[in-house]
Amino acid sequence: MNAKLADKIATTVIYVIAGMVALVLFSMLGFILVQGLPHLSWHFLTSPALSFEAGGGIGIQLFNSFYLLVLAMVISFPIALGAAIYLNEYAKKSVWTNIIRTAIEILSSLPSVVVGLFGFLLFVVQFKFGFSILSGAIALSIFNLPLLTRSIETSLAQIPYLQREAGAALGLSRWETVLHVVLPAAVPSIVTGVVLSAGRVFGEAAALIFTAGQSAPALNFMDWNPFNISSPLSPMRPAETLAVHIWKINSEGIMPDLNLVSAGASAVLIIVVLIFNFSARKLGMKLFKKLTSS
Amino acid sequence: MKNQDNILITRDVRLWYGQKEALHGIDLDFPQKGITALIGPSGSGKSTYLRALNRMHDLEDNVTVTGSFTFDGSDIYAPTTDTVELRKKIGMVFQQPNPFPFSIYDNVVFGLRLAGVRDRQTLDEAVEKSLKAASIWKEVKDSLNKSALGLSGGQQQRVSIARVLATSPELLLLDEPTSALDPVSSHNIEETLMNLRDQYAMIIVTHSMSQASRISDRTAFFLDGDLIEVDDTRKIFLDPSQKKTQDYISGRFG
């Protein structure tokens, strides 16, 4: 067999494999969207779920998902940023930093259901937070932390060492170099990483089942005082999210239109995650342009 | 007369990477103005020596520097020396152009802003003056707000020079500033340096002997971590007193 023919065969095989991956992906997305899209309506997106009758929506679950996402990001981003700056800019190679890196790697490959059970035992039971937004947000942060740290660390590592030298040669301390040279240069790719991880957090179910709970009590959207238990902002109320809702109605739902609700909710979930993913890159590029030519 | 004095006097400079001695006691002085070229084959220690002068080795672990460095009458390696102040007085330009990913304007005023200068007019004047001194004002004066990364390599290098000049250094260290550039850009950088030689003391590390002979007033020849010879450039290239120098400039090794 000559080299040209071998090359052709190899190329074809690679194309076929890549095509199959794309096919699986697109048919899955397509199936979910085709099933779910017809059921979407303003009413479906905004009204509360009904347990025993048809015509319920996903309003509260949708709100819960976004609220938990924001809280989880508020908790995990500063920690991840600090850890990434330490690991990439300050840490010297030592046993200690090796241990940290290994820990992060193990944490990032931990099944999210384990994170959920850990959260249940520690926050829900031990700290008596109950099934609550707070427990859920902390569990999500633990779930998110290792991946976000890694992604920010990679963003920082992409900034050439030359830039740090240039900073130092201009009389910047290490911290000033990080703050004024490295971070601004890394912002676009950090933002991309954050938005991508937001998509992952948004779709997470297992870590939340045992922490944020599986019930979505009625909320009073006129009451924004976080200390009232019926307020949407209350951190101590149980909060079923969209992903948990899908899991729950499929395992024990008894409403007559259960399949439609499940399909519609799945479609919404997929669409939101897709929006996160597509906007991540766009946003990163836009920020980079803005920051580099202001 | 201060002008008669040397701006920088180094004595018995030794430097170790871990246990390995890379500089074996260098004695070298630099006058108030003009260009001194450091030449020598790769690994001869010329860049290592240069980077010791503004304490760039502080960034690395595992590097030990000894010897005396007297800059403007004060000791560079004294524990009380503020490296921030020091590096403002001793500016550095690197082999790879390394503008920050900001606008040309923001690059040039970076050092000044950090020093707390906020007055727009002062900054504007510094930008124009520095870019003019780096011979790039005409090319970029209408695009100061565009990203410095959009410039060619040679232009980026001149912006890097302007960025250093904006902080009004007294001594300029140049670590092979043209070796990553095409001949036309290299020529522009050389012109820039020639225009600055009356105002600044400059030390340039270069691989190109023709560059050293074109632009420098004095030339120092390094070999294997030793300073072999330092003299007027003309003398070094026409009539060196050491056989090793003679061999190197005539291309017999290195």
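Note that the coordinates shown come from a computational prediction; the quantities given were computed from them, not determined experimentally.

Our focus in this paragraph is the layout of surface pockets. Taken as a whole, the largest pocket spans an internal volume of roughly 510 Å³. Forming the walls of the largest pocket are 20 residues, and the residues nearest its centre are A:Glu89, A:Tyr161, A:Arg164, A:Arg174 and B:Leu59. Secondary-structure elements contributing two or more residues to the lining of the largest pocket are α3 (59-90), α7 (161-169) and α8 (174-202) of chain A together with α2 (83-89) of chain B. In terms of residue class, the lining of the largest pocket is made up of eight nonpolar, four polar and eight charged. If you add up the space inside the second largest pocket, you get close to 320 Å³. If you trace the second largest pocket, you find 20 residues lining it, with A:Ala49, A:Leu50, A:Ser51, A:His245 and A:Lys248 closest to the centre. Among the elements of the structure, α3 and α10 (242-252) of chain A are those that each provide at least two residues to the lining of the second largest pocket.

Helices that pack against each other are described as a pair by the angle of their axes relative to one another and the distance between those axes. Residue and element names in this part refer to chain A. Contact geometry for α7 and α8: axes closest at 10 Å, N-to-C directions at 130°. Relative to α8, the element α7 lies oblique. Relative to α8, α7 is oriented so that their crossing is right-handed. Between α7, through Gln163, Arg164, Gly167 and Ala168, and α8, the contact on the second element is made entirely by Thr177, Val181 and Val182. Here the residues of the contact of α7 with α8 are counted per class, giving three nonpolar, three polar and one charged.

In this section: the pairing of strand β4 (residues 63-71) of chain B. Residue and element names in this part refer to chain B. With eight bridges connecting them, strand β1 (residues 6-17) and β4 associate as antiparallel partners. Among the inter-strand pairings, tryptophan 16 is bridged to a residue of β4, identified as threonine 64. As judged from the two bridges shared by β4 and strand β5 (residues 74-75), these two strands associate in the antiparallel manner. Each residue of the ladder has a partner; that of phenylalanine 71, found in β5, is serine 74.

Going through the model one piece at a time under the given rule, you end up with 16 aromatic pairs over all chains. Judged by centre distance (6.2 Å) and plane angle (10°), the rings of B:Phe102 and B:Phe110 are stacked. Of the two residues examined, B:Phe102 and B:Phe110, each falls in the buried class. Three or more aromatic residues joined by ring pairs form one cluster here, namely A:Phe118, A:Phe123, A:Phe127 and A:Phe129. It is B:Arg163 that lies over the ring of B:Phe100; its NZ or CZ is 4.3 Å from the centre.

In this assembly, 22 residues from chain A lie in contact with 27 residues from chain B. Approximately 2100 Å² of surface area, both sides summed, lies buried where chain A meets chain B, with 64% of it carried by carbon and sulfur atoms. Put simply, chain A and chain B have one salt bridge between them. Its salt-bridge partner being A:Glu165, residue B:Arg51 comes within 2.4 Å of it at the nearest N-O pair. The interface formed by chain A and chain B contains three residue pairs in polar contact (both at pLDDT 80 or more). If you list the elements that add at least two residues to the side of chain A that touches chain B, you get α7, α8 and α11 (258-292) of chain A.

Residue and element names in this part refer to chain B. Checked against the element boundaries, glutamate 60 lands in the loop between α1 (46-53) and β4. Considered as a pair, glutamate 60 and tyrosine 17 are 43 residues apart in the sequence and their alpha carbons are 9.6 Å apart. Residue contacts for glutamate 60: discarding those within four places in its chain leaves Tyr17 and Arg51.

Before going further, it helps to examine empty space enclosed by the protein. All names here are of chain A. What the rule picks out here adds up to one cavity of 30 Å³ or more. By volume, the largest cavity is sized at about 50 Å³. Elements represented by at least two residues in the lining of the largest cavity include exactly α3 and α8. Residue contributions to the lining of the largest cavity peak at three residues, all from α3. Residues belonging to the lining of the largest cavity are distributed by class as follows: six nonpolar, two polar and one charged.

A separate point is the sheet that holds strand β3 (residues 34-39) of chain B. Residue and element names in this part refer to chain B. Pairing within the open sheet is mixed, and its six strands lie in the order β6-β7-β8-β3-β9-β10. Every other strand in the sheet has two partners, leaving β6 (90-93) and β10 (226-232) as the edge strands with one partner each. Within this sheet the neighbouring strands show an average axis-to-axis angle of 20°, counted without direction. Taken together, the five bridges between β3 and strand β8 (residues 201-205) define a ladder with parallel strand orientation. Residue pairing for β8: leucine 38 is matched across the bridge by valine 205.

Our next topic: helix α7 (residues 153-165) of chain B. Along its 13 residues, α7(B) runs 18 Å from first to last C-alpha, staying within 8% of the 18 Å computed at 1.5 Å per residue. In terms of burial, α7(B) is largely enclosed, as 12 of its 13 residues are buried.

Sites flagged by UniProt as "domain: ABC transporter" (unreviewed entry) map to residues 8-249 of chain B. The annotated region residues 8-249 of chain B carries 37% helix and 27% strand content, and the separation between its end C-alpha atoms amounts to 26 Å.

So, about helix α5 (residues 120-133) of chain B. Residues and elements named next belong to chain B. Given a rise of 1.5 Å per residue, 14 residues ought to cover 20 Å, and the 20 Å separating the end C-alpha atoms of α5 matches this to within 8%. Three or more residues of α5 are buried, namely Leu123, Ala126, Val127, Ser130 and Leu131. Buried positions in α5, seen along its axis, are confined to an arc of 115° and lie on one side of it. Away from its buried face by more than 90 degrees, α5 exposes Gln121 and Lys129. Looking at the buried residues of α5, the elements they touch are α3 (104-108), α4 (110-114), α6 (137-140) and α7. Positioned one or two residues after α5, serine 135 has a phi angle of 50°, which is positive.

Further remarks concern a nonpolar patch on the surface. All names here are of chain A. A surface patch of nonpolar side chains, about 730 Å² in accessible area, is lined by Tyr86, Tyr90, Val95, Trp96, Ile99, Trp175 and Leu179. Looking at the nonpolar patch, the elements that each hand over two or more residues are α3, α4 (95-108) and α8. Residue contributions to the nonpolar patch peak at three residues, all from α4. Relative to the elements of secondary structure, valine 95 occurs in helix α4. Looking at valine 95, the relative accessible area reads 63%, which means it is exposed.

Calculation notes
Residues numbered from 1 in each chain as written. Chains lettered and ligands numbered in written order. Predicted model: local features only at pLDDT ≥ 70, side-chain atom pairs only at ≥ 80, totals over all residues. Heavy atoms only, no water. 1 Å grid on protein atoms, 1.4 Å probe; cavity = no way out; pocket = protein on both sides within 12 Å on 5 of 7 lines; lining within 4 Å. Points joined across faces, edges and corners; volume = space filled by probe spheres on them. Helix = DSSP H or I, 4+ residues; strand = E, 2+ residues; numbered from the N terminus. Nonpolar A, V, L, I, M, F, W, Y, C, P; charged D, E, K, R; others polar. Axes fitted to C-alpha atoms, helices over the stretch in contact; angles between N-to-C directions. Parallel < 35°, antiparallel > 145°, perpendicular 65-115°, else oblique. Left-handed = near helix turned anticlockwise from the far one by under 90°. Contact = heavy atoms within 4.5 Å. Pairing = 2+ DSSP bridges. Phe/Tyr/Trp six-rings, centres within 6.5 Å; stacked < 30°, edge-to-face > 60°. Buried < 20%, exposed > 50% of the residue type's maximum accessible area, 1.4 Å probe, protein only. Lys NZ or Arg CZ within 6 Å of the ring centre and 35° of its normal. Buried area = accessible area lost by both parts, 1.4 Å probe. Salt bridge = Lys/Arg side-chain N within 4 Å of Asp/Glu carboxyl O. Polar contact = N/O pair within 3.5 Å; in protein donor to acceptor, adjacent residues only side chain to side chain. Expected span 1.5 Å × (residues − 1). UniProt positions renumbered as here; feature names shortened; annotations may be inferred. Arc of directions from axis to C-beta. Patch = residues over 30% accessible without salt bridge, like charges linked within 9 Å, V, L, I, M, F, W, Y side chains within 5 Å. Areas by Shrake-Rupley, 256 points an atom, 1.4 Å probe, with all protein chains shown as cover.

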